Amino acid sequence: MTSHITAPDVSSISKTRPATQHPGSPTTSKPSSGRLRRLTGGLGTVLLCLGTLLFVLPFLFTVVTSLRTAADVARSPLGIPHSLTLKNFSDAFGQIHYGRSTLNTLLITGLSCVAITVIGSLAAYPLARITQHWSTAVYRLFILGTSVPVFVVVAPLYLLMRDLNLLDTYAGVVVIYTALNLPVAVFFYTSFIRTIPADLEEAAALDGCGAFRTFFTIILPLLRPVTSTLLTFVSLQIWNDLLVPLVFLQDPGKRTVMVNAYSFIDPHTVQPTTLFPAALLGVLPLLIIFIFFQRQVVAGMSAGAVKS
């Protein structure tokens, strides 16, 4: 008699065999890296939303209060508005002479930005290329100027503008803003020009270009990224400034929009339905400009942050 012995099925044995765990293999009790990554991302999103809400809430409160009546605000300053009106904006528009003061602010800001850009870039070019002791000393002197507060130089500037017959003139205010912001412009442009390869200027010199032609045809077009960043910073400083036009412009017809909005502040009482519309009207033109040119500003900042 012959007996047939069949070989056991290897696949069935492997299925029933208990899985062995190697000492170095991770256990299921520890959270996976993917779960930690999701938790970290969720926490970052929550913090970002809270930070955004923290910055947006004051602006929303200002807008809503500007649209409420004085009686409604007196009844419940932080409550839900019962009625909305645009009369506050129309009253502020007429009282601060909005059209004239906005044109004055645009004129002063535009001329100051042009002067700061041209003079700052021209001054930064030799400071970035000349590697001598005197150029380093001059550059450090400009950097030192960024730490001088404007309140320290108001009295000397007032006497200087008086002697130059530039008091109560647009030119005097533009000169003051140019002098105050020139150290920042030199710092921006000098740092950026040092990242530009000198081979471009050497090639231009071989083609017969002088120093000025090299600057205006080769260097100046490359300064667009840092110029957009600088203009964003400078225009915000000049537009929102109150001290310089308040001290150096006495003619009511030459005052800026922020000075006229400041006139609504009473040392004893503050009326939000009058002050808030004037403040919103003051920042409205600058907000509109940045909305239309936000792509150019963001692109310039991004290009200036990456060194090619």
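Residues numbered from 1 in each chain as written. Predicted model: local features only at pLDDT ≥ 70, side-chain atom pairs only at ≥ 80, totals over all residues. Heavy atoms only, no water.

> What am I meant to see in the packing of helix 9 (residues 199-206) against helix 10 (residues 211-222) here?
Helix packing geometry: the angle between the two helix axes and the distance between the axes. Orientation of helix 9 relative to helix 10, taken along the N-to-C sense of each, is 155°, at an axis distance of 10 Å. When the interaxial angle is binned, helix 9 and helix 10 end up roughly antiparallel. Taken as a pair, helix 9 and helix 10 cross one another with a handedness that is right-handed. Between helix 9 and helix 10, the residues in contact are Leu-200, Glu-201 and Ala-204 and Thr-214, Ile-218, Ile-219 and Leu-222, respectively. Looking at side-chain class alone, the contact of helix 9 with helix 10 contains five nonpolar, one polar and one charged residues. (Axes fitted to C-alpha atoms, helices over the stretch in contact; angles between N-to-C directions. Helix = DSSP H or I, 4+ residues; strand = E, 2+ residues; numbered from the N terminus. Parallel < 35°, antiparallel > 145°, perpendicular 65-115°, else oblique. Left-handed = near helix turned anticlockwise from the far one by under 90°. Contact = heavy atoms within 4.5 Å. Nonpolar A, V, L, I, M, F, W, Y, C, P; charged D, E, K, R; others polar.)

> How should I be thinking about the nonpolar core in this particular structure?
Most often, soluble globular proteins have nonpolar side chains that are buried together. Counting 27 residues, the largest nonpolar core has Val-173, Tyr-189, Ile-193, Ile-219, Leu-223, Leu-230 and Phe-248 as its most contacted members. Of all elements in the fold, only helix 5 (98-129), helix 7 (154-163), helix 8 (170-193), helix 10, helix 11 (224-239) and helix 12 (243-248) reach the threshold of two or more residues within this core. Sequence-distant contacts of Ile-219, that is, excluding residues within four places in its chain, are made with Tyr-125, Ile-193, Ile-196, Glu-201 and Thr-214. Of all hydrophobic cores here, the second largest spans 14 residues; its members include Ala-261, Phe-264, Leu-280 and Leu-281. (Core = buried A, V, L, I, M, F, W, Y, C linked by side-chain atoms within 4.5 Å. Buried < 20%, exposed > 50% of the residue type's maximum accessible area, 1.4 Å probe, protein only.)

> So what exactly am I meant to see when it comes to helix 14 (residues 272-292) here?
Given 3.6 residues per turn, any residue in an α-helix points the same way as the ones three and four places further on. In this model, helix 14 (21 residues) spans 29 Å end to end at C-alpha, consistent with the 30 Å of a helix rising 1.5 Å per residue. Where helix 14 bends most, the angle comes to about 35°, and this point is Leu-284, followed within four residues by the proline Pro-285. Looking at helix 14, one finds that the buried residues are Thr-273, Leu-275, Pro-277, Ala-278, Leu-280, Leu-281, Gly-282, Pro-285 and Leu-286. Buried positions along helix 14 lie against helix 2 (33-66), helix 3 (70-75), helix 4 (87-95), helix 5, helix 11 and helix 13 (257-262). (Expected span 1.5 Å × (residues − 1). Bend = angle between axes of the 7 residues up to and from the residue.)

> Just checking my understanding: could you explain the packing of aromatic side chains for this structure?
For any pair of aromatic rings, the description consists of the separation of the ring centres together with the inter-plane angle of the planes. Inspection of every chain in the model, using the stated rule, returns six aromatic pairs. Ring geometry for Phe-61 versus Phe-276: centroids 6.3 Å apart, planes at 70°, classification edge-to-face. With Phe-61 in helix 2 and Phe-276 in helix 14, this pair connects stretches of sequence that are 215 residues apart. A centroid spacing of 5.1 Å and a plane angle of 80° characterise the contact between Phe-215 and Phe-216, whose relative ring orientation is edge-to-face. One cation-aromatic arrangement involves Arg-194 over Tyr-139; the distance from NZ or CZ to the ring centre is 4.8 Å. Over the aromatic face of Tyr-170 sits the side chain of Lys-254, whose NZ or CZ is 5.9 Å from the ring centroid. (Phe/Tyr/Trp six-rings, centres within 6.5 Å; stacked < 30°, edge-to-face > 60°. Lys NZ or Arg CZ within 6 Å of the ring centre and 35° of its normal.)

> How do you make sense of a nonpolar patch on the surface when you look at a structure like this?
On the surface, Leu-103, Leu-106, Leu-284, Leu-287, Ile-288, Ile-289, Ile-291, Phe-292 and Phe-293 cluster together to form a nonpolar patch covering roughly 850 Å² of accessible area. If one sorts the elements of the nonpolar patch by residue count, helix 14 sits on top with six residues. Following the sequence through the fold, Ile-288 ends up in helix 14. Overall, the relative accessible area of 38% leaves Ile-288 in the partly exposed class. (Patch = residues over 30% accessible without salt bridge, like charges linked within 9 Å, V, L, I, M, F, W, Y side chains within 5 Å. Areas by Shrake-Rupley, 256 points an atom, 1.4 Å probe, with all protein chains shown as cover. Salt bridge = Lys/Arg side-chain N within 4 Å of Asp/Glu carboxyl O.)

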